[in-house]
Number of protein chains: 2
Amino acid sequence: MNILIADDHPFTLQGTKSFVESYGYKVLDTCSNGVSALNLIKLHSPDIAILDINMPGLDGLDVTKKVQESKLKTKIILLTMHKEMTIYKKAKEYGIYGFILKEHAQSELEKCLQEVKKGNRYVSLFLEEDLISDNPNENNALSKLTLSERKIIELITQQKTSKQIAELLFLSEKTVEGHRSNIIEKLGLPKEKNVLLKWAIQNVH
Amino acid sequence: MNILIADDHPFTLQGTKSFVESYGYKVLDTCSNGVSALNLIKLHSPDIAILDINMPGLDGLDVTKKVQESKLKTKIILLTMHKEMTIYKKAKEYGIYGFILKEHAQSELEKCLQEVKKGNRYVSLFLEEDLISDNPNENNALSKLTLSERKIIELITQQKTSKQIAELLFLSEKTVEGHRSNIIEKLGLPKEKNVLLKWAIQNVH
DNA sequence: AAAAAATCAGGGGTTTCCCCTTGTATGATT
DNA sequence: AATCATACAAGGGGAAACCCCTGATTTTTT
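It should be emphasised that the depicted structure is a prediction, and the values quoted were computed from it without experimental measurement.

So, on to the overall build of chain A. Assigned secondary structure in chain A consists of 10 helices and 6 strands. Considering chain A as a whole, with its 205 residues, one finds that 47% of them fall into the buried category. Of all intrachain contacts in chain A linking residues separated by at least 6 positions in sequence, the fraction that spans at least 24 positions is 59%. Carbon and sulfur atoms make up 49% of the accessible area of chain A, which totals about 10,200 Å².

Before going further, it helps to spend a moment on the packing of aromatic side chains. Summed over the entire model, instances satisfying the criterion amount to 4 aromatic pairs over all chains. Ring geometry for B:Phe19 and B:Tyr23: centres 6.4 Å apart, planes at 10°, overall stacked. Chaining the aromatic ring pairs together yields one cluster made of A:Phe11, B:Phe19 and B:Tyr23. The ring of A:Tyr97 is capped by A:Arg121, whose NZ or CZ atom sits 4.4 Å from the centre of that ring.

Time to look at the protein's contact with DNA strand D. Around DNA strand D, the surrounding shell holds 24 residues, and the nearest of these are A:Thr146, A:Ser148, A:Lys174, B:Lys65 and B:Lys193. A:Lys193 places a polar side-chain atom, nitrogen or oxygen, 2.9 Å from a base nitrogen of DNA strand D. Broken down by secondary-structure element, the contributors of at least two residues to the surface near DNA strand D are α9 (173-187) of chain A together with α4 (85-93), α9 (173-187) and α10 (195-203) of chain B. Here the surface near DNA strand D is built from residues that sort into 4 nonpolar, 9 polar and 11 charged.

Approximately 900 Å³ is the volume attributed to the second largest pocket. A:Lys193, A:Asn194, A:Leu197, B:Lys193 and B:Asn194 are the residues nearest the centre of the second largest pocket, which is lined by 32 residues in total. When contributions to the lining of the second largest pocket are tallied by element, the ones reaching two or more residues are α8 (162-169), α9 and α10 (195-203) of chain A together with α8 (162-169), α9 and α10 of chain B. The residue makeup of the lining of the second largest pocket, split by class, is 10 nonpolar, 9 polar and 13 charged.

With that settled, consider the pairing of strand β1 (residues 2-6) of chain A. All names here are of chain A. The buried count for β1 comes to 4 of 5 residues, which makes it a mostly enclosed element. In terms of strand pairing, β1 meets strand β2 (residues 26-31) through 5 bridges, oriented parallel. The residue bridging Leu-4 from the neighbouring strand is Asp-29, located in β2. Sheet analysis places β1 next to strand β3 (residues 48-52), joined by 4 bridges and oriented parallel. Bridging across to β3, Ile-5 finds its partner in Ile-50.

Backbone geometry follows two general trends: most residues other than glycine have a negative phi, and most peptide bonds adopt the trans configuration. All names here are of chain B. If you check the backbone angles, Lys-71 has positive phi at about 55° while not being a glycine. The residue Lys-71 is located in the loop between α3 (60-69) and β4 (75-80) in this model. Of note, the phi angle at Gln-159 is positive, near 60°, even though the residue is not glycine. Relative to the elements of secondary structure, Gln-159 occurs in the loop between α7 (147-157) and α8.

Mapped onto the elements of the fold, A:Thr157 is located in helix α7 (residues 147-157). Only 2.4 Å separates the side chain of A:Thr157 from the backbone oxygen of A:Glu154, close enough to count as a polar contact.

Residue and element names in this part refer to chain B. Among the residues of helix α2 (residues 34-44), Gly-34, Ala-37, Leu-38, Leu-40 and Ile-41 are the ones counted as buried. Around the axis of α2, the buried residues are gathered within 165° of arc, so they sit on the same side. The secondary structure elements touched by the buried residues of α2 are β1 (2-6), β2 (26-31), β3 (48-52), α3 and β4. Between the side-chain oxygen of the N-cap and the backbone nitrogen of Val-35 there are 3.1 Å, and the N-cap of α2 in question is Asn-33. Phi turns positive one or two residues past the end of α2, at Ser-45, with a value near 30°.

The subject of this paragraph is the UniProt feature "modified residue: 4-aspartylphosphate" (unreviewed entry) in chain A. Residues and elements named next belong to chain A. Under the present numbering, the feature "modified residue: 4-aspartylphosphate" (unreviewed entry) in UniProt falls on Asp-52. Among the structural elements, Asp-52 can be located in strand β3. Since its relative accessible area comes to 2%, Asp-52 is described here as buried. Among all residues touching Asp-52, those that are not within four sequence positions of it are Ala-6, Asp-7, Asp-8, Gly-60, Leu-79 and Lys-102.

The subject of this paragraph is the protein's contact with DNA strand C. Around DNA strand C, the structure places 23 residues, and the nearest of them are A:Glu177, A:Lys193, B:Thr146, B:Ser172 and B:Lys174. B:Lys193 places a polar side-chain atom, nitrogen or oxygen, 3.0 Å from a base oxygen of DNA strand C. In terms of residues, the surface near DNA strand C owes the most to one element, α9(A), which gives 5 residues. Each residue belonging to the surface near DNA strand C can be placed in one class, and the counts come to 5 nonpolar, 9 polar and 9 charged.

Counting residues in hydrophobic clusters, the biggest one holds 33 residues, and the most contacted among them are A:Ile153 and B:Ile153. Of all elements in the fold, only α7, α8, α9 and α10 of chain A together with α7, α8, α9 and α10 of chain B reach the threshold of two or more residues within this core. Contact partners of B:Ile153, with chain neighbours within four places excluded, come to B:Leu142, B:Leu145, B:Ile183, B:Leu196, B:Trp199 and B:Ala200.

Once that is clear, we can look at the sheet that holds β2(B). Paired through backbone hydrogen bonds, the strands of a sheet run either parallel or antiparallel to each other. Residue and element names in this part refer to chain B. One open sheet holds the 6 strands; their spatial order is β2-β1-β3-β4-β5-β6, and the pairing between them is parallel. Strand pairing shows two members of the sheet lacking a second neighbour, β2 and β6 (122-123), which therefore form its edges. Judged from the 2 bridges that link them, strand β5 (residues 98-101) and β6 form a sheet pairing that is parallel. Paired with Gly-98 across the strands is Tyr-122, a residue of β6.

Reading the values: the criteria
- Residues numbered from 1 in each chain as written.
- Chains lettered and ligands numbered in written order.
- Predicted model: local features only at pLDDT ≥ 70, side-chain atom pairs only at ≥ 80, totals over all residues.
- Heavy atoms only, no water.
- Helix = DSSP H or I, 4+ residues; strand = E, 2+ residues; numbered from the N terminus.
- Buried < 20%, exposed > 50% of the residue type's maximum accessible area, 1.4 Å probe, protein only.
- Contact = heavy atoms within 4.5 Å.
- Areas by Shrake-Rupley, 256 points an atom, 1.4 Å probe, with all protein chains shown as cover.
- Phe/Tyr/Trp six-rings, centres within 6.5 Å; stacked < 30°, edge-to-face > 60°.
- Lys NZ or Arg CZ within 6 Å of the ring centre and 35° of its normal.
- Near = heavy atom within 4 Å.
- Polar contact = N/O pair within 3.5 Å; in protein donor to acceptor, adjacent residues only side chain to side chain.
- Nonpolar A, V, L, I, M, F, W, Y, C, P; charged D, E, K, R; others polar.
- 1 Å grid on protein atoms, 1.4 Å probe; cavity = no way out; pocket = protein on both sides within 12 Å on 5 of 7 lines; lining within 4 Å.
- Points joined across faces, edges and corners; volume = space filled by probe spheres on them.
- Pairing = 2+ DSSP bridges.
- Arc of directions from axis to C-beta.
- UniProt positions renumbered as here; feature names shortened; annotations may be inferred.
- Core = buried A, V, L, I, M, F, W, Y, C linked by side-chain atoms within 4.5 Å.

This is the structure:
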């Protein structure tokens, strides 16, 4: 098991390395940007590459894409600070093996490595909470929504209020609010204020 | 030489620890927030404390201030992601011993520790450069805001409500609301609902 | 000493969001 | 023909969040 680690922050890089080694794996090499990471992967084809998403130049996602395109067999684990659904969705398309949030990484990295080693995939548990509603119907949660509902959620991502949406679509504000409720139920979102806006910002586009 | 390290990101914490140990120093303890850091400092009075600036609750700066006020003899080294003049100035007044940018920390931490051990102060070389380039940078709307205000707008971009922000910063909700009003006035934003969130989403980062 | 920043309080007004319910139309299922 | 499911529309009610204002104290900065 050879592992490559890439992260542009020296401290985080060292931390990751340190954790990985403490689990008993061998770290083949490390680097601090996407280009180097790609080169090293091509050169040594490590079993696993742990990549930070936010890197200058080629980011973790770009590298993943190129690794897939080149049909390299290195398995990719991505590390990210924020839970951004858009990125996760893309990452899934590119065939990543692991996806972990840095905040909780400590508790998950070891398990993730175990699973990936076996050939399985592992996604941060903290991410899946938000994905429960997202997963069952393939990659697109929006597909469950009707046309009107989709129009409305589109406008919500533009930070329009129900009132503004109502005006734009020549509807009663109440109608828009009704649609909102339906959307929330369909997606199984928690009962918070502004859930829809928060969800929309992270999931649409 | 006993050293305490505080950082809310597990990876960075581990990385820092790992580096420090590799230089031959002993890490007394670590923690992930300012309150714990302060308690541990009071309890064990380590020789040196390496603190991250961005932490929930008490941040590194707050801890530094309190350490100075309590006339504790622990020497503080601050780690920061962003090079903010305001913070650096304050830090200097609170009598910090070291100030390092995370990006370049690797190359500077060891030297910094050496100097601080001798009783000298050490400031990141990369900071002075950026201080110059930061000065004429008054076009930024954020530069008009005070430190507290910036903290708050940062949390607004993360879609926190005033209540949540108040909890995170240990403030009254009223204080947060007051800051919001001030920010809105300083930026000359229109009188709409949620103006701040909308503005923040589009203008910060 | 004066100005600015930070903290908090009380109270008020408005908006927005969300829930629950009702109603209609349509089209598919039984 | 009757039932069922679904989309769509709209209303009432309530809680939460936001914004505003005045005023006050304390700390920090200048």
